[in-house]
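The primary structure of each chain is shown beneath.
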Amino acid sequence: EDGQESLNDAINAKLEIDELDDFGRALELCRKAIDKGLDAGSKKFADDLYTGTLIDRAAMRTGAIVDAEQPDPNWRRIRAFAMRDLNEVVARDPGFGTVHLMIARLEQLPGGRREECRSCRYRTARPGERSYGPVTPARQGASVRSSHSG
């Protein structure tokens, strides 16, 4: 199997996401495709798919904490996983304002770093920021419960 086949598998895995655990498979297939080698255009697409999948997973976790009437009792652990994904996105590309907004929302919670919260709010208002598309039907119906997180 070459890199392009793995990328096709990653695309299909992303389209079929139904629950939190499914994100990991899509991310793994993106890494596998990149490691096996892709032409420049496909590599950029795989990188973007990987970054977008991280953002989607972090958005699901963030929503489970900040938008829920009754936050998950394990919210601190969920926040840690969401922050790991968000920090990886920022390291890859700091231009996503929506990512900085999610970080700010998570840092406002008890035990969060308020100074980081203020810094992230500033970054969300910068002109020229990249936005991230609407919630996909797969994400809307996806379950935040998983047998394992990470």
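None of these values were measured; they are calculated from a predicted model. (Residues numbered from 1 in each chain as written. Predicted model: local features only at pLDDT ≥ 70, side-chain atom pairs only at ≥ 80, totals over all residues. Heavy atoms only, no water.)

Here the focus is the overall build of the protein chain. Tallying secondary structure elements over the protein chain gives seven helices and zero strands in all. Residues classed as buried in the protein chain amount to 40% of the 150 residues present. When contacts within the protein chain are restricted to residue pairs at least 6 apart in sequence, long-range pairs at least 24 apart make up 68% of them. Carbon together with sulfur atoms contributes 49% to the accessible area of the protein chain, which is approximately 8,300 Å² in total. (Helix = DSSP H or I, 4+ residues; strand = E, 2+ residues; numbered from the N terminus. Buried < 20%, exposed > 50% of the residue type's maximum accessible area, 1.4 Å probe, protein only. Contact = heavy atoms within 4.5 Å. Areas by Shrake-Rupley, 256 points an atom, 1.4 Å probe, with all protein chains shown as cover.)

This paragraph deals with helix H3 (residues 40-66). An α-helix turns once per 3.6 residues; consequently, residues spaced three or four apart project the same way. In this model H3 runs 38 Å from its N-terminal to its C-terminal C-alpha over 27 residues, within 8% of the 39 Å that 1.5 Å per residue would give. The N-cap of H3, judged by a side-chain oxygen 3.1 Å from the amide nitrogen of Gly41 a few residues on, is Asp39. (Expected span 1.5 Å × (residues − 1). Polar contact = N/O pair within 3.5 Å; in protein donor to acceptor, adjacent residues only side chain to side chain.)

Looking now at helix H2 (residues 20-36). Over its 17 residues, H2 extends 26 Å from the first C-alpha to the last, a length consistent with the 24 Å expected when each residue adds 1.5 Å. Along H2, the residues classified as buried are Leu20, Asp21, Phe23, Ala26, Leu27, Leu29, Cys30 and Ala33. Gly37 occupies a position one or two residues after H2 and carries a positive phi of about 105°.

Right, let's talk about the environment of Arg84 for a bit. Following the sequence through the fold, Arg84 ends up in helix H4 (residues 75-92). A relative accessible area of 40% places Arg84 in the partly exposed class. Between the alpha carbons of Arg84 and Leu54 there is a distance of 9.4 Å; along the sequence they are 30 residues apart.

With that settled, consider the confidence of the model for the protein chain. Taken as a whole, the protein chain shows an average pLDDT of 79; of its residues, 72% reach a score of 70 or greater. Counting contacts from residues 120-150, a segment whose pLDDT is below 50, to residues more than four positions away or on other chains yields 61 contacts. (pLDDT = per-residue confidence, 0-100.)

Our next topic: the environment of Leu29. Mapped onto the elements, Leu29 comes out in helix H2. Residue Leu29 is classed as buried on the basis of its relative accessible area, which comes to 4%. Spatially, the C-alpha atoms of Leu29 and Leu7 are 6.6 Å apart, while their sequence positions differ by 22 residues. Those residues in contact with Leu29 that lie beyond four places of it in its chain are Ser6, Asp9, Ala10 and Ala13.

Another point: the nonpolar core. Counting residues in hydrophobic clusters, the biggest one holds 28 residues, and the most contacted among them are Leu7, Ile55, Ile65, Leu86, Val89, Val99 and Leu106. Elements that contribute at least two residues to this core include exactly helix H1 (3-15), H2, H3, H4 and helix H5 (97-107). With seven residues, H3 is the largest single contributor of residues to this core. Apart from the residues within four sequence positions on either side, Leu86 is in contact with Ala58, Thr62, Val99, Met102, Ile103 and Leu106. (Core = buried A, V, L, I, M, F, W, Y, C linked by side-chain atoms within 4.5 Å.)

Let us now look at the side chain of Thr51. Mapped onto the fold, Thr51 is located in helix H3. Other than its neighbours up to four places away in sequence, Thr51 contacts Val89, Arg92 and Phe96.

As enumerated under the stated definition, the model contains seven salt bridges in all. As a salt-bridge pair, Asp48 and Lys44 come within 2.8 Å of each other at their nearest N and O atoms. With Asp48 and Lys44 both in helix H3 and four residues apart, this pair spans about one turn of that helix. Taking the relative accessible area as the measure of exposure, Lys44 reaches 51% and is therefore exposed. Here Arg105 and Asp67 are joined by a salt bridge, their closest N and O atoms 2.7 Å apart. Taken together, the positions of Arg105 in helix H5 and Asp67 in the loop between H3 and H4 put the pair 38 residues apart, joining distant regions of the chain. (Salt bridge = Lys/Arg side-chain N within 4 Å of Asp/Glu carboxyl O.)

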